[in-house]
Amino acid sequence: MSDEQPPIEEVLATLAPAPAPLSTGRSVRPGDRIFAVLSGGASLTLLLIIALIAAFLLYRSIPAVRADTTNFLTTSAWFPDSTPSTFGIAALAWGTLLSSLIALVLAVPVAVGTALFIAHFAPRRLAQPLAYLVDLLAAVPSVIYGLWGLFFLVPQMVGLQTWLADHLGWFPLFSVGSGSTFKQTMLNAGVVLAVMILPIISAVTREVFLQVPRDHVEAAQALGATRWEVIRLAVLPFGRPGIISASMLGLGRALGETVAIALVLSTNYVISWKILEPGGNTFAANIALQYGYAADLGTNALIASGLVLFVITLVVNIVARGVIARRREFAGAAG
Amino acid sequence: MAKSIDVSDLSIYYGKFCAVQGVSLTIEPRSVTAFIGPSGCGKSSVLRTLNRMHEVVPGAWSSGKVLLDGEDIYSPSVDPVNVRRAIGMVFQKPNPFPTMSIYDNVAAGLKLQGRRPRRELDEIVERSLRAANLWEEVKDRLERPGAGLSGGQQQRLCIARAIAVEPEVLLMDEPCSALDPISTLAIEDLIEQLKEHYTIVIVTHNMQQAARVSDRTGFFNLAGVGQPGRLIEIDNTQRIFSNPAEKATEDYISGRFG
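**Student:** Please explain the pairing of strand S2 (residues 17-27) of chain B as it appears in this structure.
**Tutor:** Side chains on a regular strand alternate between the two faces of the sheet. Residues and elements named next belong to chain B. Taken together, the 7 bridges between strand S1 (residues 5-14) and S2 define a ladder with antiparallel strand orientation. Its bridge partner being in S2, Tyr13 is matched across the sheet by Cys18. Once S1 ends, the chain turns through 2 residues before running back antiparallel as S2, passing Gly15 with a positive phi of about 65 degrees.

**Student:** Help me understand the interface of chain A and chain B, please; the structure alone is not making it clear to me.
**Tutor:** Counting residues at the interface gives 25 residues for chain A and 28 residues for chain B. In this assembly, chain A packs against chain B so that about 2,300 Å² is buried in total across both faces, 60% of it on carbon and sulfur atoms. If you look at where chain A meets chain B, you find 3 salt bridges. Here Arg48(B) ties to Glu218(A) by a salt bridge, and the two come within 2.7 Å at their closest N and O atoms.

**Student:** Before we go on, may I ask you to explain the packing of helix H4 (residues 118-131) of chain B against helix H6 (residues 151-164) of chain B in this structure?
**Tutor:** Helix-helix packing is characterised by the crossing angle of the two axes and by the distance between the axes. All names here are of chain B. Two elements in contact, H4 and H6, have axes whose closest approach is 8 Å; the angle formed by their N-to-C orientations is 130 degrees. The angle between the axes of H4 and H6 places the two elements in the oblique class. Both H4 and H6 take part in a crossing whose hand is right-handed. Packed against H4, whose contacting residues are Ile124, Ser128, Leu129 and Ala131, the element H6 presents Leu157, Ala160, Ile163 and Ala164 at the interface. Residue composition of the contact of H4 with H6, grouped by class: 7 nonpolar, 1 polar and no charged.

**Student:** Help me out: how do you make sense of the packing of helix H7 (residues 214-222) of chain A against helix H8 (residues 227-256) of chain A in this one?
**Tutor:** Residue and element names in this part refer to chain A. With their axes 8 Å apart at the nearest point, H7 and H8 run at an angle of 160 degrees to one another. Taken as axis vectors, H7 and H8 run roughly antiparallel relative to one another. For the pair H7 and H8, the crossing hand works out as right-handed. Of the residues in H8, those in contact with His216, Val217, Ala220 and Gln221 of H7 are Val230, Leu233, Ala234 and Phe238. Taken together, the residues of the contact of H7 with H8 break down into 6 nonpolar, 2 polar and no charged.

**Student:** Just checking my understanding: could you explain the environment of Asp173(B) for this structure?
**Tutor:** Residue and element names in this part refer to chain B. With respect to the helices, strands and loops of the structure, Asp173 is situated in strand S7 (residues 169-173). A residue is classified by how much of its surface remains accessible, and Asp173, at 8% relative accessible area, is buried. Between the C-alpha atoms of Asp173 and His205, which are 32 residues apart in sequence, the distance is 9.9 Å. Setting aside residues up to four positions removed in sequence, Asp173 forms contacts with Ser44, Leu47, Met89, Val90, Phe91, Gln92 and Val203.

About the cut-offs
Residues numbered from 1 in each chain as written. Chains lettered and ligands numbered in written order. Predicted model: local features only at pLDDT ≥ 70, side-chain atom pairs only at ≥ 80, totals over all residues. Heavy atoms only, no water. Pairing = 2+ DSSP bridges. Helix = DSSP H or I, 4+ residues; strand = E, 2+ residues; numbered from the N terminus. Contact = heavy atoms within 4.5 Å. Buried area = accessible area lost by both parts, 1.4 Å probe. Salt bridge = Lys/Arg side-chain N within 4 Å of Asp/Glu carboxyl O. Axes fitted to C-alpha atoms, helices over the stretch in contact; angles between N-to-C directions. Parallel < 35°, antiparallel > 145°, perpendicular 65-115°, else oblique. Left-handed = near helix turned anticlockwise from the far one by under 90°. Nonpolar A, V, L, I, M, F, W, Y, C, P; charged D, E, K, R; others polar. Buried < 20%, exposed > 50% of the residue type's maximum accessible area, 1.4 Å probe, protein only.

Structure (structure tokens):
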């Protein structure tokens, strides 16, 4: 240590430049204002587009629903261009929800398991390529999945579905009338959808699992938790909102999926629990398959069904937000 | 309850880097041992080897022996999960499980050990919260989230969680460094009480704290950046702070460091 230290003011003066004046004549910097306008404008545009879509759907739907001689919501048949015009979305809504539900039930456990394995079990050298592979699967176009489903999966699934019908046929879901071919069935459609939404659910949940704070994990480890118990105590509770969001993202994709369903399902307008029998239909597949043949009213009727799909997707998302928000006070940092 | 720890020739590595070299020390049951020393000297690493928590960091490993009442906790036949059940730990930053209520936080470790009747759980939760001097403050809101408590309360909740499973030893890694002076005092009083039942090892940056709460103090230091940390000396706290054997210790505790 040296004995002759310069006064502290001199030392400070060499370190810091003269302070800038506090008043610049403006209270908001131009950069901040430009950014606020740009980002605000972008989000406004997004809202406007959604509103315009809703308005368009509504505008085109009203004439069709007016012309409908039966109840639009409870009718299964779809004859908009015949006289009298009879059509309704009951069978479409049923098929859409049932196939998406099958897909979710099959995909979520596998996706969460895959995500857990990649994020917390796999050795690092394996985790990286695996994660990359899952991301790659998410990018495969749906028509590829549809073709794969039609030419590979459907023939492969005959055996399994025969077995299900033989052994679990007493269960309403798996009962079949005589002579089911086990080909263009609701279960097959659900399985194809499951495969399609699996990568996106897995990719999103994996990212959430990777963000589990280290102190939560260490808190569990220090209590003597095994690997599985660490996941149960720290990882899954933290990841729960993420799993729900990811599932809803997948559900959204499943609800709106068109090509794969149009290829795999033999479409008709029935409402049935029997997922091993051919038949059923969805909003999106119906629109894709019918659009080419539809006359004026038929087109409007299809758009009306599109409006219902739009509303269903919206409701699904709102419900998901509600589920996530319900336990918010338990969800994160100190309140 | 309350066992002794014998460490001999312990070295700690992160990959090829040797962070701590050749530590040997003995910790008596029902005593408080404080580890002090500058940042990076390896005192936290040593603490974390005592319940095999350091090895959860990828690439971390150690050599040497750590005996818990004569049993080698690094023997190949020992499951680290069991070691951590016997040797509890409290961290620098309070880390209650954010998705759990106060009650469930305290019961978390117990539930890992198997199902118990609700009444028994209730009793242990109350006893642990009382032992952590938190019961009076939270008894009316046990179902509220643990993360909603103040920092000091959260840390006492973490202590309650750690002692609910009745560990042999309690390790504390700078338990007060994120707390205000009043909460710090509350934790220090608590350490004084817990000493009657548990063997406690505490890492602290606060030398007054070490002097106040501990019976024995170990001073760690490192020769320079990139050099491994070493245990310079360990002795009765009073002796360390009044008449240490090593000059480095005296320099450090009197603030004339380096």
